[in-house]
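Each chain, written out:
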Amino acid sequence: MIKKIISWLSDASPFLAVIVLWRLNLQFFNPAGILAIIPIFFYSFVRPIRWFAPFSILFCFLIDYCFDTKLFWTAMYCAAYAVIGFQYFIDIPRADKNAIVPFMIFFGIAMFILMMVNLSWVVLWRSIWLFVWVVAMYLPITNFMKKVHGDD
């Protein structure tokens, strides 16, 4: 019975990580729950698990709702899903350091587009801060999730 509960929690941990990171909405460190994009990216592209893509689309939509961006993160996720689905040159599941470079490209392009929509000095510095912060949190969060989910 205990092993079944532990196994269930291990299987549910990617879903729970997204929910927790989305709900930990802090204005400076996690605006609109943007840190939830880390497990969304990781378990959709790096270590794909079953039924995570529809869940990811839902939470990208919820991040859009909190950010007040009209389907931006949902569209970015779907575009990345399509591009990575048809990729031939880069094997993301075998990339170094939990595929931080593909994540930096994905998140950097998204932040650049958001920054260019409403360009000002405040938006520029906030975009730079958010990019640096989310990328810095990528490895600790993904390493912790891999241990909890049992991917090591």
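Residues numbered from 1 in each chain as written. Predicted model: local features only at pLDDT ≥ 70, side-chain atom pairs only at ≥ 80, totals over all residues. Heavy atoms only, no water.

Q: Got a minute to help me understand the overall build of the protein in this structure?
A: Counting secondary structure elements, the protein contains 6 helices and 0 strands. The C-alpha radius of gyration of the protein comes to 15 Å, within 12% of the 15 Å expected for a compact globule of 152 residues. Principal axes of the C-alpha set define a box for the protein whose edges measure 55 × 35 × 25 Å. Buried residues in the protein amount to 41% of all 152 residues. Residue pairs at least 24 apart in sequence account for 70% of intrachain contacts in the protein once pairs closer than 6 positions are excluded. Taken as a whole, the protein presents about 9,300 Å² of accessible surface, with 74% of it coming from carbon and sulfur. (Helix = DSSP H or I, 4+ residues; strand = E, 2+ residues; numbered from the N terminus. Rg over C-alpha atoms; globule rule 2.2 N^0.38 Å. Buried < 20%, exposed > 50% of the residue type's maximum accessible area, 1.4 Å probe, protein only. Contact = heavy atoms within 4.5 Å. Areas by Shrake-Rupley, 256 points an atom, 1.4 Å probe, with all protein chains shown as cover.)

Q: Hey, could you run me through the environment of Phe131 in this one?
A: Counting through the fold element by element, Phe131 comes out in helix α6 (residues 121–149). Residues Phe131 and Met104, 27 residues apart in the sequence, show an inter-C-alpha distance of 8.2 Å. When near neighbours in sequence (up to four residues on either side) are disregarded, Phe131 contacts Met104, Phe107 and Gly108.

Q: Looking at this model, I keep getting lost on the side chain of Ser10. Mind explaining?
A: Relative to the helices and strands, Ser10 resides in helix α1 (residues 2–23). According to the relative accessible area criterion, Ser10 is buried, its value standing at 16%. Ignoring anything within four residues of it in the chain, the contact list for Ser10 reads Val148, His149 and Gly150.

Q: Would you take a moment to explain the packing of helix α3 (residues 52–67) against helix α4 (residues 72–85) for this structure?
A: For any two helices packed against each other, the geometry comes down to the angle between their axes and how far apart the axes lie. Their axes nearest at 7 Å, the elements α3 and α4 cross at an angle of 150 degrees. When the axis of α3 is compared with that of α4, the two are roughly antiparallel. Contact with α3, carried on its side by Ala53, Ser56, Ile57, Cys60, Phe61, Ile63, Asp64 and Phe67, involves Phe72, Trp73, Thr74, Tyr77, Cys78 and Tyr81 of α4 and no other residues of that element. Looking at the contact of α3 with α4 residue by residue, the classes come out as 11 nonpolar, 2 polar and 1 charged. (Axes fitted to C-alpha atoms, helices over the stretch in contact; angles between N-to-C directions. Parallel < 35°, antiparallel > 145°, perpendicular 65-115°, else oblique. Nonpolar A, V, L, I, M, F, W, Y, C, P; charged D, E, K, R; others polar.)

Q: Would you mind showing me how to read the nonpolar core here?
A: One recurring pattern in soluble globular proteins is that nonpolar side chains are buried together. Formed by 41 residues in total, the largest nonpolar core has its most connected members in Ile37, Ile63, Trp73, Phe103, Phe107, Val134 and Tyr138. For this core, the secondary structure elements donating two or more residues are α1, α2 (37–46), α3, α4, α5 (100–117) and α6. Among the elements that make up this core, the one with the highest residue count is α2 (8 residues). Not counting the four nearest positions on each side in its chain, Val134 is found in contact with Ile34, Leu35, Ile37, Ile38, Phe103 and Phe107. (Core = buried A, V, L, I, M, F, W, Y, C linked by side-chain atoms within 4.5 Å.)

Q: Please clarify how unusual backbone geometry should be interpreted in this entry.
A: Across residues other than glycine, the phi torsion is negative in most instances, and most of the peptide bonds are trans. Even without glycine at this site, Trp51 takes up a positive phi of about 65 degrees. Along the polypeptide, Trp51 turns up in the loop between α2 and α3. In this structure, Lys97 takes a positive phi of about 50 degrees despite not being glycine. Lys97 sits in the exposed class, given a relative accessible area of 60%.

Q: Mind showing me how you'd approach the confidence of the model for the protein here?
A: Detailed reading of the predicted model is not advised wherever pLDDT is low. Overall, the predicted model of the protein reaches an average pLDDT of 91, with 97% of residues at or above 70. Mean pLDDT per element in the protein: α1 is the minimum at 90, and α2 is the maximum at 95. (pLDDT = per-residue confidence, 0-100.)

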